[in-house]
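Residue-level listing of the chains:
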Amino acid sequence: MPSEYTTILTSFAVLFSKRIWQHVQVLLLGAILVPGQRTVTAVLRIMGLSAEKHFQNYHRVLNRAIWSSREASRLLLRLLVTAFAPFGPIVLGLDDTIERRRGAKIKAKGVYRDPVRSSHSHFVRTTGLRWLSLMLLSPIPWAKHVWALPFLTVLAPSERYYEKRKRGHKKLTDWGRQVLLQAKCWLPGRKLVVVMDGGYAAIDFLSQVAKLAHPITLITRFRLDAALYEPAPECQQGKVGRPRKKGKRLPTLKQVLEDAQTTWKKVILPDWYGQGRREVELTCTTAIWYHNGMPPLPIRWVLIRDPKGKFKSQALLCTNLNEEPEQILKWFVMRWQLEVTFHEVRDHLGVETQRQWSDEAIARTTPVLLGLFSLVTLLANIHARNGKIPVRQAAWYSKPLSTFSDALALVRGELWQHRYFQLSQKQFDIRKLNPEMFNYLQNAAFYTP
């Protein structure tokens, strides 16, 4: 492979033995090059190993070999931070997605609401695996846009999965707390900002993460009817009883929204969910969010409305009381890139096409494919030192900026130029050795910038 690629990929060699590392490189490069399904057999075909008699050794990398997926996530995060976020606060995105899978041997599957096919008026269930992914949200210089780069993905089984097991059900917020604490350990001394959807707006979850010695700034959607209070008054000397947790009840955000005396501030965002510049109005203040049986949580809430009335008014919650409302809104808008990444890995990296059924292989394959999105971005970044990447155009589709498909095409083009894939009679007659790979190489110009 190109020497620049070797520098990045050999960072992960310490996780494997020398024999396993040879198989890992074949699987990794094949997963980048192969179109369609990301099965081990498809990877072996594209790498010219259709006649490999010991093909089971490549399956064992995922279902049997000893190596740490968590340590691989740590190494990937270090590469991403060095390349795209060396200074300033590190913005992370946390979200879950459903991988549609069926099969009697897939133990961790459950029945969930399908977020793609469902709507506000139509509910669709799907069977599959639920994954919780933590991604780095960072501007990509040559794309001139913020991308969500996955580096840590964990399997969050359904409640039904734990019914026949001794341990109790582990909620999605429990998984979220663990992955955030893990990221905090990997990035000591750096300010962390995490943006999430409204499903993670739970007092117990937010309190446990926000009350760390070096707290993480959490930003999420906030319900308009939440119970808000003033801070608790100071304890009077000599008064008997427990100190108060909250003060006077405040109006709900729905009441603030409907109040004609509410003061609104106009703000222009440079990029509103990929639609360019957008003017919105907002108001904010601090309060105590409290619910019986839960710890009181100091928050800064931001209420947003559209002067043109094109979207419904919404509220945001931030656990850092000192952040400016404009900055909170800019950070939260970046969360949309998580959905874009989930879509890209399905279209271009074959998520939901793998066919492993053993527990170990399932727990490793999907996180690796999500991490492959970040790895391809790192490899493409090597060729973007002049500040741009070739953009593929079509007569029916014109785009001004590079996308992930362009980055993947560039990396594939560099790999296809390697002598291993050259159609040279002096090296070997690939047409006779592997007809499937020859036919694919004939069409490889589509992937070459």
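One structure accompanies this document, and this report is about it. (Residues numbered from 1 in each chain as written. Predicted model: local features only at pLDDT ≥ 70, side-chain atom pairs only at ≥ 80, totals over all residues. Heavy atoms only, no water.)

Per the stated rule, a full pass over the model turns up 18 salt bridges. As a salt-bridge pair, Arg 100 and Asp 114 come within 3.3 Å of each other at their nearest N and O atoms. Here Arg 100, found in strand 1 (residues 90–100), pairs with Asp 114, found in the loop between strand 2 (110–113) and strand 3 (125–140); they are 14 residues apart in sequence, far enough to count as distant. A relative accessible area of 23% means that Arg 100 is categorised as partly exposed. Each of Arg 100, Asp 114, Arg 346 and Glu 352 takes part in one network of salt bridges that share partners. (Salt bridge = Lys/Arg side-chain N within 4 Å of Asp/Glu carboxyl O. Helix = DSSP H or I, 4+ residues; strand = E, 2+ residues; numbered from the N terminus. Buried < 20%, exposed > 50% of the residue type's maximum accessible area, 1.4 Å probe, protein only.)

Tracing the backbone through its elements, the reader meets Glu 344 in helix 10 (residues 336–348). Of the side chains bearing the opposite charge, Lys 399 lies closest to the buried Glu 344, which forms no salt bridge; the N-O distance is 8.0 Å. Setting aside residues up to four positions removed in sequence, Glu 344 forms contacts with Leu 349, Phe 373 and Phe 404. (Lys, Arg positive; Asp, Glu negative; His and termini not counted. Contact = heavy atoms within 4.5 Å.)

Our focus in this paragraph is the state of the cysteines. Linking two cysteines covalently via their sulfur atoms produces the bond known as a disulfide. In the structure shown here, the tally under the stated rule is 0 disulfides. Cysteine Cys 284 remains unbridged, with the sulfur of Cys 318 as its closest cysteine sulfur at 10 Å. (Disulfide = S-S within 2.5 Å.)

Here we come to the pairing of strand 11 (residues 314–318). Counting buried residues in strand 11 gives 5 out of 5 residues, a clear majority hidden from the surface. Neither face of strand 11 is open: one carries Gln 314, Leu 316 and Cys 318, the other Ala 315 and Leu 317, and all of them are buried. When strand 6 (residues 217–222) meets strand 11, the two strands line up antiparallel, connected through 4 bridges. For Arg 221, the partnering residue across the bridge sits in strand 11 and is Leu 316. Taken together, the 5 bridges between strand 10 (residues 297–305) and strand 11 define a ladder with antiparallel strand orientation. (Pairing = 2+ DSSP bridges.)

Moving on: the packing of helix 5 (residues 69–84) against helix 11 (residues 359–382). Following both chains from N to C, one finds helix 5 and helix 11 inclined at 25 degrees, their axes separated by 11 Å at the closest point. Taken together, the axes of helix 5 and helix 11 lie roughly parallel to each other. Here helix 5 and helix 11 pass one another in a crossing that is left-handed. Together, Ser 69, Leu 76, Leu 79, Leu 80, Ala 83 and Phe 84 of helix 5 and Arg 364, Gly 371, Ser 374, Thr 377, Leu 378 and Asn 381 of helix 11 make up the contact between the two elements. Classifying every residue of the contact of helix 5 with helix 11 gives 6 nonpolar, 5 polar and 1 charged. (Axes fitted to C-alpha atoms, helices over the stretch in contact; angles between N-to-C directions. Parallel < 35°, antiparallel > 145°, perpendicular 65-115°, else oblique. Left-handed = near helix turned anticlockwise from the far one by under 90°. Nonpolar A, V, L, I, M, F, W, Y, C, P; charged D, E, K, R; others polar.)

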